[in-house]
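Here is what each chain is made of, one letter per residue.
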Amino acid sequence: MDENIGSIITLLDEKNQEVEFDLLMTFDYEGKRYIALLPMDKVEQVGEDEVVLLEIVRENGTEIYRPIENPVLLDEVFEEFLELFDEECEDDGGNEED
């Protein structure tokens, strides 16, 4: 489990403005690492309840977050995220009884 879940991450948008995101999870899919973020503020081209998925790439010892350009891959990564998120929600109390 990722101990950084719920952390706030600040990234720069295309206009070099800071945007804050809530870290939902990091996960692997087909040998690559991805991060799922929920915008804390309004972000252009991102709906209010939409998740931002980015690929994590290591360059010179630093993590870089890159957009997923391939729409088919983006759909696959999103489906993987939904499956993992649903599993996590079930593990976190979906079976509570009074």
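Residues numbered from 1 in each chain as written. Predicted model: local features only at pLDDT ≥ 70, side-chain atom pairs only at ≥ 80, totals over all residues. Heavy atoms only, no water.

## Some remarks on the pairing of strand β1 (residues 8-12)
The alternating pattern of β1 places Ile-9 and Leu-11 on a buried face, while none of Ile-8, Thr-10 and Leu-12, on the opposite face, is buried. Alignment of β1 against strand β2 (residues 18-29), held across 5 bridges, turns out to be antiparallel. Each bridged residue has a counterpart across the sheet, and for Leu-12 the counterpart in β2 is Glu-18. (Buried < 20%, exposed > 50% of the residue type's maximum accessible area, 1.4 Å probe, protein only. Helix = DSSP H or I, 4+ residues; strand = E, 2+ residues; numbered from the N terminus. Pairing = 2+ DSSP bridges.)

## Topic: the nonpolar core
Counting 11 residues, the largest nonpolar core is built from Ile-9, Leu-11, Val-19, Phe-21, Leu-23, Ile-35, Leu-37, Val-43, Val-52, Leu-54 and Ile-56. For this core, the secondary-structure elements that each account for two or more residues are β1, β2, β3 (32-39) and β4 (52-59). Counting 10 residues, the second-largest nonpolar core is a separate cluster that includes Leu-24, Tyr-29, Val-77 and Phe-81. (Core = buried A, V, L, I, M, F, W, Y, C linked by side-chain atoms within 4.5 Å.)

## Notes on the environment of Pro-67
Structurally, Pro-67 can be placed in strand β5 (residues 62-67). The spacing of Pro-67 and Leu-53 is 14 residues in sequence and 7.2 Å in space, taken between C-alpha atoms.

## Notes on the pattern of salt bridges
Tallying each qualifying case throughout the model produces 4 salt bridges. Between Glu-55 and Lys-32 there is a salt bridge, with the nearest N and O atoms lying 4.0 Å from each other. One end of the pair, Glu-55, is in strand β4; the other, Lys-32, is in strand β3, and 23 residues separate them in sequence. We classify Glu-55 as buried; its relative accessible area is 18%. (Salt bridge = Lys/Arg side-chain N within 4 Å of Asp/Glu carboxyl O.)

## Examining the pairing of β5
Sheet analysis places β4 next to β5, joined by 6 bridges and oriented antiparallel. By the bridge assignment for β5, Leu-54 is matched with Pro-67. The antiparallel pairing of β4 with β5 creates a hairpin that spans 2 residues between the two strands, and Asn-60 there sits at a positive phi of about 50°.

## A word on the environment of Tyr-65
Residue placement: Tyr-65 occurs in strand β5. A relative accessible area of 25% means that Tyr-65 is categorised as partly exposed. Sequence spacing of Tyr-65 and Glu-55 is 10 residues, and the spatial spacing of their C-alpha atoms is 5.6 Å. Those residues within four positions of Tyr-65 in sequence are excluded, and the remaining contacts are Ile-9, Leu-11, Ile-35, Leu-54, Glu-55 and Ile-56. (Contact = heavy atoms within 4.5 Å.)

## As for helix α1 (residues 71-91)
Between the first and last C-alpha of α1 there are 30 Å, a value that for 21 residues agrees with the 30 Å anticipated at 1.5 Å per step. Turning to α1, its buried residues are Val-77, Phe-81 and Glu-88. One side of α1 carries all its buried residues, which in axial view fall inside an arc of 45°. Facing away from the buried surface of α1 by more than 90 degrees, the exposed residues are Pro-71, Val-72, Asp-75 and Glu-90. Each element contacted by the buried residues of α1 is listed here: β2, β3 and β4. (Expected span 1.5 Å × (residues − 1). Arc of directions from axis to C-beta.)

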